[in-house]
Amino acid sequence: LVYDDSVFTATVVTEWNLVCDRKALLPTLTFTYFIGNVISILLTGVLSDYYGRRKLILISSIVHIISSWVAFISTNYWIFLIARMVLGGSIHSVWAGLFILVQETTPKGDRTLTAGVMNFGWNIGSLM
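All figures in this text were calculated on a predicted structure; none of them were measured in a lab.

Caption draft 1: Expanded view of the nonpolar core. Membership of the largest hydrophobic core is limited to 10 residues, which are Trp16, Leu18, Leu25, Leu29, Ala71, Tyr77, Phe80, Leu81, Ala83 and Leu87. At the level of secondary structure, the elements contributing two or more residues to this core comprise helix 2 (25-51) and helix 4 (77-105). Sorting elements by how many residues they give to this core places helix 4 first, with 5 residues.

In structure tokens form, the structure reads like this:
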């Protein structure tokens, strides 16, 4: 197949030919990312209470870095799919654990400010 590469030289669609009969595999990437997110939501609170927030944040960060590299170097759609699922879960675990840790260590009167500062990056990213 020939793709227009005037804007992007490579995309997920061009990498694994996610067109025609393989077109249904494209939304599966987003779906599995959010499946990882849901699994993380269910497990993060329990794991952080049992092992500690700091340890959970550090381990989840390492898992996130490794799965990012696996997604980057993957030569197979299914490995990329699994790496994306792990990415969805690990980034949520890092952010949620860090958010709770910051809120627990911040004086009660300043928690709204720290919550706003932590969420400010999402707003700036959305504006870009």
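Moving on from the model shown.
Caption draft 2: Structural view of the environment of Glu104. When you line up the elements, Glu104 lands in helix 4. Remark: the alpha-carbon pair of Glu104 and Ser93, spanning 11 residues in sequence, is separated by 16 Å. For Glu104, the residues in contact, after removing those within four places along its chain, are Arg53 and Arg111.

Caption draft 3: Here's a closer look at the environment of Leu58. Note on placement: Leu58 falls in helix 3 (residues 53-73). Residues Leu58 and Ile82 lie 24 residues apart in sequence; the distance between their C-alpha atoms is 21 Å.

Caption draft 4: A look at the packing of aromatic side chains. Applying the stated criterion across every chain yields a total of 5 aromatic pairs. Taking 4.7 Å as the distance between ring centres and 85° as the angle between the ring planes, the aromatic pair formed by Tyr50 and Tyr51 counts as edge-to-face. Tyr51 shares its class with Tyr50; the two are exposed. Relative to Phe72, the ring of Trp69 has its centre 5.5 Å away and its plane inclined at 85°; by these criteria the two rings are edge-to-face. Placement of both Trp69 and Phe72 in helix 3 is noted, with a separation of 3 residues, approximately one turn of the helix. Exposure class is identical for Trp69 and Phe72. Each is exposed.

Rules used in this analysis
- Residues numbered from 1 in each chain as written.
- Predicted model: local features only at pLDDT ≥ 70, side-chain atom pairs only at ≥ 80, totals over all residues.
- Heavy atoms only, no water.
- Core = buried A, V, L, I, M, F, W, Y, C linked by side-chain atoms within 4.5 Å.
- Buried < 20%, exposed > 50% of the residue type's maximum accessible area, 1.4 Å probe, protein only.
- Helix = DSSP H or I, 4+ residues; strand = E, 2+ residues; numbered from the N terminus.
- Contact = heavy atoms within 4.5 Å.
- Phe/Tyr/Trp six-rings, centres within 6.5 Å; stacked < 30°, edge-to-face > 60°.

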